[in-house]
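# Inside the fold
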Amino acid sequence: MSSAVIERRKAKTNKNDLHGWAFSAPFIIFFLLFLVWPILYGIYMSFTGQTLTGANNGLVGFANYAEAFGDPDMWRSLGNTVYFTVISTIPLVLIALGLAALVNMGLPAQWLWRFSFFAPFLLASTVVSLFFTWMYNPQLGIINEMLGNVGIAPVPWLNDPAVAMWSIVIATVWWTVGFNFLLYLAAMQNIPQQHYEAASIDGAGGWRQFFSITLPQLGPTTVLIVILQILASLKVFDQIYQITAGGPGGATRSIVQYVFETGFTGYRLGYSAAISFIFFALIMIVSVGQIFLNRKRSA
Amino acid sequence: MATAVLDRSSSGVAEERPQNRRKMSGAKVIGTIVASILAVIWLFPFAWAAVTALKPEIEAAATPITWLPASGFTLEAFAQVLNAGNLPTWTWNSLFTSAVITAVTLVISALCGYALSRIDFRGRKLLMGVIVASIIIPPPVLIIPLFYQMLALNLIDTYWAIILPQVLHPAMVYVLKKFFDQIPKELEEAAVMDGASRMRVFLQIVLPLSKPIMSAVAIFVFIGAWNNFLWPFIATNETSLLTLPVGLQTIESAFGIQYAQNMASALLAALPLIVVFLFFQRQIIRGISTTGLAGT
């Protein structure tokens, strides 16, 4: 190789380095300032007695973490979050699948179904919360009124600790199931039509086709939807904070709400940061578990 | 995973399947009936909010509950909310911050995605790894240190505080990178031969070919920013700076038990995106379907 070629190659590498980092620079700057720095500073804070009022009794070692692990409210919030995640993920995946299968039958007025089931997803959490708080109202709620018309006793939607989380789940399903519905619908429309034609010739009916073709073909999509839904549900805050404020008696308080409250109403930023990293660890376990599962599947 | 999803966009996610136009089979008739019942259930909360908002305040809080107010429907609650409330201000705040967030996100993510896809620079693999790994970070973990940071920078109660932390979407960088990977390199190589700069190649060749993915990312980011609650709730206190979702949270305490006005406010807040959706249903559905599985 002549030295001229090497020179040219080197020049090109330098130019590429320059261009590559220059193009990435704007993103990297924001990334460092508003993601890397807060994460690092958050970790630091979690080892301090930092408060919102400015007082800071310096590094406290693992005291915040030790306190959190012995804090019944932390465990209760974590438990509520996991409970919500389980009882919301199941309907959010199954109902989405059912709605998509229904609409994908080739029903007329496609836009109407897509609009009906997806429109709530476009609402801000506060709008959803206003709607449902009003419908759950103990005296004036339309749901109890209609249940009463068919002879069902009024349900204490928001006042009974055993019921409140389910009321949140109902509002959440109404609000966000349209997202999973769209993902399923897109995946179904991607299944090659020949599979169905072949099955029809073999005399397989609609239900058979759904279970022997559609469902298996949706396998990878389902795995992704379930994982994304679990991750989304674990982050629940808005609708709970707005509808029940975590009540009654902390029965619906989520871990994100506990982070928020220790930080902004309890003024204990250091402690709050420590709890948020315990929450992060939970998210990490799910995410890494998912990557591991995917590896195994594709291997 | 994103590639598999992206391929779908070309096959027409939102398109209706060609159907045989013969009369509907029995299964389809039943399917349509079931879907209609479900659609009614799904649209019910909107309908009940509308009925409430159109009642006079006294009727809205009266028992027994009625569907038709004795004195007829009225736009009083809407008028009161629009006159006395801050809804127009909050709507503007939401529109402005969401638009800026979307624009900045698109610019910085597309540039970075292009570099990761096309430029062979030292550290590229590392950068890619760090960005993909960061997708895992849940935003709620950042709120405490971010708040402290904004406080230190004296940005609490400014548009900056709302906007700056929301322009980071590592998953969208990944989605864009994957899309750019699929564009044939030959087009760019020819332009480079003619002496075009990197930036020109990006702006004049790559970007025009990337309209579908750019609009998909824009839709996804905009909806997220428009509806975001937790961060703007923390970052702002001043009534005139609140975004729509955060402002709505305050009306319940301000209006007390004004049910008709609460529902009128909620409906007015819901209106902009619903109207946009009616006009751009196909694009929005395609945008959500192509970016949705990338993880947020």
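Keep in mind that what you see is a predicted model, and the values were worked out from it rather than measured.

Turning our eyes to something else, we now look at the overall build of chain A. When its secondary structure is counted, chain A shows 13 helices and 0 strands. Across chain A, helices and strands are ordered from the amino to the carboxyl terminus as α-α-α-α-α-α-α-α-α-α-α-α-α. By the compact-globule yardstick of 19 Å for 299 residues, chain A is too spread out, its C-alpha radius of gyration being 25 Å. Projected onto its principal axes, the C-alpha positions of chain A cover 80 × 65 × 30 Å.

On to the interface of chain A and chain B, then. A common way to express how large an interface is: the accessible area buried when the components associate. Between chain A and chain B, the contact holds 100 residues from the first and 108 residues from the second. Of the roughly 9,200 Å² buried where chain A meets chain B, counting both sides, 77% is carbon and sulfur surface. Taken as a group, F23, F27 and W134 of chain A account for 9% of the area that chain A buries against chain B, more than any other trio of residues on that side. Connecting chain A to chain B are 1 salt bridge. Note that D17 of chain A is salt-bridged to R122 of chain B, the shortest N-O span being 2.4 Å. At the junction of chain A and chain B, the tally comes to 13 residue pairs in polar contact (both at pLDDT 80 or more). Considering each element in turn, the side of chain A that touches chain B owes the most residues, 23 residues, to helix α1 (residues 3-45) of chain A. Split into classes, the residues belonging to the side of chain A that touches chain B amount to 68 nonpolar, 27 polar and 5 charged.

In the structure shown here, the tally under the stated rule is 6 salt bridges over all chains. In this structure, the salt-bridge partner of R253 of chain A is E261 of chain A, at a minimum N-O distance of 3.1 Å. The residues R253 of chain A and E261 of chain A share a single accessibility class, namely buried. In this structure, the salt-bridge partner of R118 of chain B is E188 of chain B, at a minimum N-O distance of 2.8 Å. On the criterion of sequence distance, the pair formed by R118 of chain B in helix α5 (residues 87-118) and E188 of chain B in helix α10 (residues 186-193) is long-range, its members being 70 residues apart. Its relative accessible area of 11% is what places R118 of chain B among the buried residues.

L123 and F131 of chain A are the most contacted members of the largest nonpolar core, which has 197 residues in total. Among the domains, domain 1 (1-36) and domain 2 (63-298) of chain A are the pair contributing at least three residues each to this core. Here F131 of chain A is in contact with L123 and W174 of chain A together with P45, F46, A49, M263, A266 and L267 of chain B, once residues within four sequence places are set aside.

So, on to helix α9 (residues 206-217) of chain A. Here α9 of chain A contains 12 residues, and its C-alpha end-to-end distance of 15 Å stays within 8% of the 16 Å for a straight helix at 1.5 Å per residue. Residues of α9 of chain A that are buried sit in contact with α3 (72-103), α7 (161-189) and α8 (193-201) of chain A.

This part takes up the packing of aromatic side chains. Under the definition given, this model contains 45 aromatic pairs over all chains. A centroid spacing of 6.5 Å and a plane angle of 90° characterise the contact between Y83 of chain A and W166 of chain A, whose relative ring orientation is edge-to-face. You can see Y83 of chain A sitting in helix α3 and its partner W166 of chain A sitting in helix α7, a full 83 residues away along the chain. The partly exposed category is assigned to Y83 of chain A, whose relative accessible area is 36%. Through a chain of ring-to-ring contacts, three or more aromatic side chains come together here, namely F237, Y241, F260 and F264 of chain A together with F147, F229 and F233 of chain B.

A word on the domain arrangement of chain A. For chain A, the domain assignment lists domain 1 (1-36) and domain 2 (63-298). Just the C-alpha atoms count here: the centres of domain 1 of chain A and domain 2 of chain A sit 43 Å apart.

A grouping of L271, V275, V276, L278, F279 and F280 of chain B is seen on the molecular surface, where their side chains present a nonpolar patch of about 580 Å² in accessible area. Residue position: V276 of chain B is located in helix α15 (residues 259-279).

Turning our eyes to something else, we now look at unusual backbone geometry. Residue and element names in this part refer to chain A. Here the amide bond leading from G247 into P248 is cis, since omega sits at -5°, within 30 degrees of zero. By the element assignment, P248 lies in the loop between α11 (238-243) and α12 (255-264). Although it is not a glycine, Y267 adopts a positive phi angle of roughly 65°. Within the secondary structure, Y267 is located in the loop between α12 and α13 (269-298). By relative accessible area, which is 42% here, Y267 ends up partly exposed.

In terms of residue burial, helix α4 (residues 110-118) of chain A counts as a mostly covered element, since 7 of its 9 residues are buried. Taken together, the buried positions of α4 of chain A are occupied by Q110, W113, R114, F115, S116, F117 and F118 of chain A. Lining the buried residues of α4 of chain A we find α3 and α7 of chain A together with α2 (26-53), α15 and α16 (281-291) of chain B.

Another aspect to go through is the confidence of the model for chain B. Averaged over every residue, the pLDDT of chain B is 85; residues scoring 70 or more account for 89%. This stretch, residues 1-21 of chain B, has a pLDDT under 50; its non-local contacts, to residues over four places away or in other chains, come to 50 contacts.

Residue and element names in this part refer to chain B. Relative to each other, helix α12 (residues 211-227) and α16 sit at 90°, their axes nearing to 8 Å. Taken together, the axis directions place α12 and α16 in an arrangement best described as roughly perpendicular. Within the contact between the two elements, α12 uses A216, V217, I219, F220 and I223 and α16 uses Q283, I284, G287, I288, T290 and T291. Among the residues making up the contact of α12 with α16, the classes are represented as 7 nonpolar, 4 polar and no charged.

What follows concerns the packing of α4 of chain A against α7 of chain A. When two helices pack together, their arrangement is given by the angle between the helix axes and the distance between those axes. All names here are of chain A. In contact at an axis separation of 8 Å, α4 and α7 are set at 145° when each is read in the N-to-C sense. Contact residues: α4 offers W113, R114, F117 and F118, while α7 offers G178, F179, F181, L182, L185 and Q189. The residue inventory of the contact of α4 with α7, partitioned by class, reads 7 nonpolar, 2 polar and 1 charged.

The next subject is the environment of L155 of chain B. All names here are of chain B. Summarising the element assignment, L155 is placed in the loop between α7 (143-152) and α8 (159-163). Spatially, the C-alpha atom of L155 lies 9.4 Å from that of T236, the residues being 81 residues apart in sequence. The contact partners of L155, leaving out residues within four places of it in the chain, are M150, W160, A161 and L164.

The next subject is the environment of Y259 of chain B. Within the secondary structure, Y259 of chain B is located in helix α15. According to the relative accessible area criterion, Y259 of chain B is buried, its value standing at 16%. Non-local contacts of Y259 of chain B, meaning those with residues more than four positions away in its chain, are made with W134, N137 and L140 of chain A together with T52, E57, A60 and A61 of chain B.

Procedures and definitions
- Residues numbered from 1 in each chain as written.
- Chains lettered and ligands numbered in written order.
- Predicted model: local features only at pLDDT ≥ 70, side-chain atom pairs only at ≥ 80, totals over all residues.
- Heavy atoms only, no water.
- Helix = DSSP H or I, 4+ residues; strand = E, 2+ residues; numbered from the N terminus.
- Rg over C-alpha atoms; globule rule 2.2 N^0.38 Å.
- Contact = heavy atoms within 4.5 Å.
- Buried area = accessible area lost by both parts, 1.4 Å probe.
- Salt bridge = Lys/Arg side-chain N within 4 Å of Asp/Glu carboxyl O.
- Polar contact = N/O pair within 3.5 Å; in protein donor to acceptor, adjacent residues only side chain to side chain.
- Nonpolar A, V, L, I, M, F, W, Y, C, P; charged D, E, K, R; others polar.
- Buried < 20%, exposed > 50% of the residue type's maximum accessible area, 1.4 Å probe, protein only.
- Core = buried A, V, L, I, M, F, W, Y, C linked by side-chain atoms within 4.5 Å.
- Domains from an automatic or database assignment.
- Expected span 1.5 Å × (residues − 1).
- Phe/Tyr/Trp six-rings, centres within 6.5 Å; stacked < 30°, edge-to-face > 60°.
- Patch = residues over 30% accessible without salt bridge, like charges linked within 9 Å, V, L, I, M, F, W, Y side chains within 5 Å.
- Areas by Shrake-Rupley, 256 points an atom, 1.4 Å probe, with all protein chains shown as cover.
- pLDDT = per-residue confidence, 0-100.
- Axes fitted to C-alpha atoms, helices over the stretch in contact; angles between N-to-C directions.
- Parallel < 35°, antiparallel > 145°, perpendicular 65-115°, else oblique.

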